[in-house]
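Here is how the chains run, residue by residue.
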Amino acid sequence: MSELFQGLLINLLFILLSILLLNLLILAKHNIYTYRFGKLHLFLLSSLLMIVCILLSVRVDEGFVYDLRFIPFLLGCIYGGRPVILGLASVMILIRLPFGGNGIWVTIILAVIYTAVMIYLYPNLLKKPLYNRLFLFTFLSFLYSVIGFLIPSILFDFDQTFSYFIYVMVLTASTFFVCYLCEVLRTFHLLQMESIKFEKMETVSHLAASISHEVRNPLTVVRGFLQLVHEHADTPKDCKTYTSLAIAEADRASEIINEYLTFARPHPEVELPLDLEHEIQKCVEIIRPLANKQGITIETAFLHNHSITGDPHKFQQILLNISKNGIDAMKSGGILFLFTKEDENGVHLSITDTGNGMTAEQVARLGEPFFSLKGNKGTGLGMMVVFRIVESMRGSVHVESKPMKGTRITLSFPIDETSHT
């Protein structure tokens, strides 16, 4: 029995070493956004770990071997998605074939059962709270070991009860430990990415405050003198035309400074109930000429009952920035769809385009200052304004995008319980 225990621990050691080495590889990258551990990499690593586990397996009875290949199979299923699940199930069966014996049928039955279970569970797996996920993963492992004992006991008179007990304990405990480690490392990398983005936003916030202090005062003085010249009775008509233009440009410069102040203000100055349908229709009327020029159709749908609170001008800024980005992404025409819905968590506004889309790395960097997909024409400050205003409205931004398939940006806001739309 000590041979079985030792063999399973060696399996666990190789799995842990692989996870830690992968973590070091990610940390070694200079830019965390440029590194993506894709589904193909995950499939290859999980397959390799399953092969190593079965090569280090322990034969308990004729035709039956024990190892921890289920752990890399489970990890690949959790983080890889449906194609990876199907691929890993095939690999699990194929690597077991050379060993022969009745255990092949046990492997095939378990692979089929768990492929169906993981495909069913996958869409909502990573949305569950951490401890719920850990409990579920551990329970799946325990169930795997139980089925792995019951099938040979019933069909092939397998009676190695003590060996089975050791296997259940080691597999279940190892699954909990490995899954917890993976979740901790995953959370660490997500927090690291958020920290990088937060530091950049803080830099722009300080810059914005500095600009407002250093530029607004002299600009106010200049505008005041221009206004005096413009209103003076002896000023020629032509000069009044020029001063009028200069005053308008000074006002525009002041508005630009106010835009930068969005980064410095933690909360909006005005909080009013916002009629989402009215605000969206207003935005649509503003951007419709631009959309028509590029052959883009704008569609709307409203399925919400409550309003939200915020500054109407800043909310329009959110809508215009996102909508214009969507239009710019559809060079050959398409559909811009603005859709609202409501649930117990709040009111949700989705803005969807059928444009070029973005890679996962680009989505991760969205909202960074000076990161833009428009080349020299963009500064990246538009989306940064969006993130900042939404945050000040106690909301959140969720972005879904795939290259050449378009982008969906969902804005979620708390409900204003004092009024109805």
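On a predicted model such as this, the values are computed, not experimentally measured, just so you know.

Novice: Now, about the overall build of the protein: what can you tell me, with residues and values included?
Specialist: Counting its secondary structure elements, the protein contains twelve helices and ten strands. Residues classed as buried in the protein amount to 44% of the 421 residues present. Within the protein, counting contacts between residues at least 6 apart in sequence, those at least 24 apart form 73% of the total. For the protein, the accessible surface area stands at approximately 22,400 Å², while carbon and sulfur atoms represent 63% of it.

Novice: Which residues make up the environment of A173, and what values do they have?
Specialist: On the secondary structure map, A173 appears in helix α7 (residues 161-231). Given a relative accessible area of 48%, A173 falls into the partly exposed group. Sequence spacing of A173 and S141 is 32 residues, and the spatial spacing of their C-alpha atoms is 9.1 Å.

Novice: Residues and numbers for a nonpolar patch on the surface, please.
Specialist: Among the surface-exposed residues, I10, F14, I51, L55 and L56 lie close enough to one another that they form a single nonpolar patch of about 410 Å² accessible area. The set of elements that each furnish at least two residues to the nonpolar patch consists of α1 (2-28) and α2 (39-55). Here F14 lies in helix α1.

Novice: Mind laying out the packing of aromatic side chains, listing which residues take part and the relevant values?
Specialist: Here the structure, examined in full by the defined rule, presents nine aromatic pairs. For the ring pair F176 and Y180, a centre distance of 6.3 Å and an interplane angle of 10° mean the geometry is stacked. Of this pair, F176 and Y180 both sit in helix α7, four residues apart, which is roughly one turn of the helix. Its relative accessible area of 40% is what places F176 among the partly exposed residues. An angle of 70° between the planes, with centres 5.9 Å apart, marks the rings of F315 and F413 as edge-to-face. In this pair, F315 is assigned in helix α10 (residues 312-329) and F413 in strand β9 (residues 406-413), connecting sequence segments 98 residues apart. Residues F315 and F413 agree in their burial class; the two are buried. In textbook terms, an aromatic cluster arises when at least three aromatic residues are bridged by ring pairs, as seen for F70, F73, Y114 and Y144.

Novice: Go over unusual backbone geometry, please, and point to the residues and values.
Specialist: The backbone phi angle of R394 is positive, close to 60°, even though this residue is not glycine. One non-glycine residue, M404, lies in positive phi territory at about 65°.

Novice: Hey, could you go over the sheet that holds strand β6 (residues 334-343) for me, with residue numbers and the actual values?
Specialist: Sheet architecture is open: five strands sit in the order β4-β6-β7-β9-β8, paired in mixed fashion. In this open sheet, the two strands that pair with only one neighbour each are β4 (296-303) and β8 (396-402). On average, adjacent strands in this sheet sit at an angle of 15° to one another, irrespective of strand direction. Examined bridge by bridge, β8 and β9 share seven bridges and lie antiparallel to one another. The residue of β9 that forms the bridge with K402 is G406.

Novice: Go over the confidence of the model for the protein with me, naming the residues and quoting the values.
Specialist: For the protein, mean pLDDT is 81; residues scoring 70 or higher make up 83% of the total. Taken as a whole, residues 30-36 scores under 50 in pLDDT and shows 20 contacts with residues more than four places along the chain or in a different chain.

Novice: Account for the packing of helix α3 (residues 70-80) against helix α4 (residues 82-96), naming residues and giving values.
Specialist: At a minimum axis distance of 7 Å, the contact between α3 and α4 shows a crossing angle of 160°. The orientation of α3 with respect to α4, classified from their angle, is roughly antiparallel. Here α3 runs over α4; the crossing is right-handed. The residues of α4 that touch α3, namely those facing F70, P72, F73, G76, C77 and G80, are R82, V84, I85, L88, A89 and M92. Along the lines of polarity and charge, the residues of the contact of α3 with α4 split into nine nonpolar, two polar and one charged.

Novice: Which residues make up the pattern of salt bridges, and what are the values?
Specialist: A complete count under the given rule lists seven salt bridges for this structure. Linking E183 and R133 is a salt bridge whose minimum nitrogen-to-oxygen distance equals 2.3 Å. Of this pair, E183 sits in helix α7 while R133 is found in helix α6 (residues 130-156), placing the two residues 50 residues apart along the sequence. Salt bridges linked by common partners bring R133, E183 and R186 together as one network.

Novice: I'd like to hear about the pairing of β9, residue by residue, with values.
Specialist: Summarising burial for β9: seven of the eight residues are buried, a large majority. Hairpin geometry of β8 and β9 is characterised by an intervening segment of three residues between the two adjacent antiparallel strands and by a positive phi of about 65° at M404.

Novice: How would you sum up the packing of helix α9 (residues 276-293) against α10? Please name residues and give values.
Specialist: When two helices pack together, their arrangement is captured by the angle between the axes and the distance separating the axes. Direction vectors running N to C along α9 and α10 enclose 40°, while the axes themselves pass 10 Å from each other. One element, α9, and the other, α10, form an angle in the oblique class. In this structure, α9 crosses over α10, and the sense of that crossing is right-handed. Only P312, F315, Q316, L319, L320, S323, K324 and I327 of α10 make contact with α9, whose side of the interface consists of L276, E279, I280, K282, C283, I286, I287, L290 and A291. Taken together, the residues of the contact of α9 with α10 sort by class into twelve nonpolar, two polar and three charged.

Novice: So, the side chain of H306: which residues are in play, and what are the values?
Specialist: Considering the arrangement of structural elements, one finds H306 in strand β5 (residues 306-310). Its relative accessible area of 16% is what places H306 among the buried residues. Polar side-chain contacts of H306 include one of 2.6 Å to the side chain of E342.

Novice: Requested: an account of the environment of C283, with residues and values cited.
Specialist: Within the secondary structure layout, C283 lies in helix α9. Separated by 40 residues in the primary sequence, C283 and S323 place their C-alpha atoms 8.5 Å from one another.

About the criteria used
- Residues numbered from 1 in each chain as written.
- Predicted model: local features only at pLDDT ≥ 70, side-chain atom pairs only at ≥ 80, totals over all residues.
- Heavy atoms only, no water.
- Helix = DSSP H or I, 4+ residues; strand = E, 2+ residues; numbered from the N terminus.
- Buried < 20%, exposed > 50% of the residue type's maximum accessible area, 1.4 Å probe, protein only.
- Contact = heavy atoms within 4.5 Å.
- Areas by Shrake-Rupley, 256 points an atom, 1.4 Å probe, with all protein chains shown as cover.
- Patch = residues over 30% accessible without salt bridge, like charges linked within 9 Å, V, L, I, M, F, W, Y side chains within 5 Å.
- Salt bridge = Lys/Arg side-chain N within 4 Å of Asp/Glu carboxyl O.
- Phe/Tyr/Trp six-rings, centres within 6.5 Å; stacked < 30°, edge-to-face > 60°.
- Pairing = 2+ DSSP bridges.
- Axes fitted to C-alpha atoms, helices over the stretch in contact; angles between N-to-C directions.
- pLDDT = per-residue confidence, 0-100.
- Parallel < 35°, antiparallel > 145°, perpendicular 65-115°, else oblique.
- Left-handed = near helix turned anticlockwise from the far one by under 90°.
- Nonpolar A, V, L, I, M, F, W, Y, C, P; charged D, E, K, R; others polar.
- Polar contact = N/O pair within 3.5 Å; in protein donor to acceptor, adjacent residues only side chain to side chain.

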